[in-house]
Amino acid sequence: MALLEVTDLRKWYPVESGALASLLGRSSGRVLRVVDGVSLSIEEREGFGLAGESGAGKSVTGELLVRLQQPTGGRIAWEGQDVTALSGPALQAFRRQTQMIFQDPYESLNPRFTVLGSVMEPLRIHGIGDEAERQTRVRQALERAELRPAEKYLARHPQQLSGGERQRVAIARAIVLGPRFVVADEPTSMLDVSVRAGVLNLLRRLQAELG
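Residues numbered from 1 in each chain as written. Predicted model: local features only at pLDDT ≥ 70, side-chain atom pairs only at ≥ 80, totals over all residues. Heavy atoms only, no water.

**Things to note about the nonpolar core**
Step number 1: In terms of nonpolar packing, the biggest core is built from 28 residues, with Val115, Val119, Val138, Leu142, Val169 and Ile171 touching the most fellow members.
Step number 2: Of the residues forming this core, the biggest block, five residues, is contributed by helix 7 (residues 163-175).
Step number 3: Ignoring any residue separated from it by four or fewer positions in sequence, one finds Val115 in contact with Leu142, Tyr153, Leu154, Arg156, Leu161 and Val169.
Step number 4: Among the nonpolar cores identified, the runner-up in size contains 20 residues, and Leu4, Val6, Leu65 and Leu86 belong to it. (Core = buried A, V, L, I, M, F, W, Y, C linked by side-chain atoms within 4.5 Å. Buried < 20%, exposed > 50% of the residue type's maximum accessible area, 1.4 Å probe, protein only. Helix = DSSP H or I, 4+ residues; strand = E, 2+ residues; numbered from the N terminus. Contact = heavy atoms within 4.5 Å.)

So, in structure tokens, the structure goes:
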């Protein structure tokens, strides 16, 4: 059985009507088909690449897979269970197992949070551990993301880090919960060419070590 199996996944957005039609309460009836009929299957420990031109719907597809967006139609099966309509505690439990690394690390990290606060936030959201255990898990995640020694980074804010360091913090945040599935949305596109290979090699190593 596949870890994640997607069938005919769709995400359509309504196209806004003109000003007069909106005043009259009329809908244009048109939709923008950002994701339309995507089907795929991903096995545990498999690296799966989704390619396409800019605007093809890759990022939206990734957000749908981890249920950061609600699909318009289709089926997302996690170990055979349909998670398309999950809500409340069941959705939160699913999200604990699935995490996302976004394209722009500066946008994905709260500039008011320190590195410690950013990486610890998922642990607090999911009620994992006490303060001491959370700090230990944050340090472990930072070390795994090649931010060593972790103590050097804990009190820093995103604006005090390089682009590569910020993306490594985002990776640490994604792995701190011990997820089984991670979506990386073009994780090196905002980085200098000189650091891209290092981040990709890090992701490959984490895949091999953490499954």
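**Things to note about the environment of Val119**
Step number 1: Here Val119 is to be found in helix 5 (residues 115-125).
Step number 2: Overall, Val119 belongs to the buried group, its relative accessible area being 0%.
Step number 3: Residues Val119 and Pro179, 60 residues apart in the sequence, show an inter-C-alpha distance of 14 Å.
Step number 4: What Val119 contacts, discounting residues up to four positions off in sequence, is Val138, Ala141, Leu142, Val169, Ala172, Arg173 and Val176.

**Some remarks on helix 2 (residues 58-65)**
Along an α-helix, residues three or four positions apart point the same way, because every turn accommodates 3.6 residues.
Step number 1: Judged by how many residues are buried, helix 2 sits mostly within the fold: seven of eight residues are covered.
Step number 2: A positive phi of about 60 degrees marks Arg67, the residue just after helix 2.

**Digging into the side chain of Thr188**
Step number 1: Residue position: Thr188 is located in the loop between strand 6 (181-184) and helix 8 (193-210).
Step number 2: Excluding residues that lie within four positions of it along the chain, Thr188 makes contacts with Arg196, Val199 and Leu200.

**Some remarks on the side chain of Gln69**
Step number 1: Relative to the helices and strands, Gln69 is located in the loop between helix 2 and strand 3 (73-78).
Step number 2: There is a polar contact of 2.6 Å between the side chain of Gln69 and the side chain of Tyr13.
Step number 3: There is a polar contact of 2.7 Å between the side chain of Gln69 and the side chain of Glu63.
Step number 4: Those residues in contact with Gln69 that sit more than four places away from it in its chain are Lys11, Tyr13, Val60, Glu63 and Leu64. (Polar contact = N/O pair within 3.5 Å; in protein donor to acceptor, adjacent residues only side chain to side chain.)

**Details of the packing of aromatic side chains**
In this description, a pair of aromatic rings is defined by centroid distance and the angle of the planes.
Step number 1: In this structure the tally under the stated criterion is two aromatic pairs.
Step number 2: When the ring of Trp78 is compared with that of Phe94, the centres are 5.6 Å apart and the planes differ by 80 degrees; the resulting orientation is edge-to-face. Placement of the pair is Trp78 in strand 3 and Phe94 in helix 3 (residues 88-97), with a sequence separation of 16 residues.
Step number 3: Geometrically, the ring pair formed by Trp78 and Phe181 is edge-to-face, given 6.3 Å between the ring centres and 70 degrees between the ring planes. Remark: Phe181 occurs in strand 6 and Trp78 occurs in strand 3; sequence separation between them is 103 residues. This pair shows no difference in class: Trp78 is buried, exactly as Phe181 is.
Step number 4: An aromatic cluster of at least three residues, connected via ring pairs, comprises Trp78, Phe94 and Phe181. (Phe/Tyr/Trp six-rings, centres within 6.5 Å; stacked < 30°, edge-to-face > 60°.)

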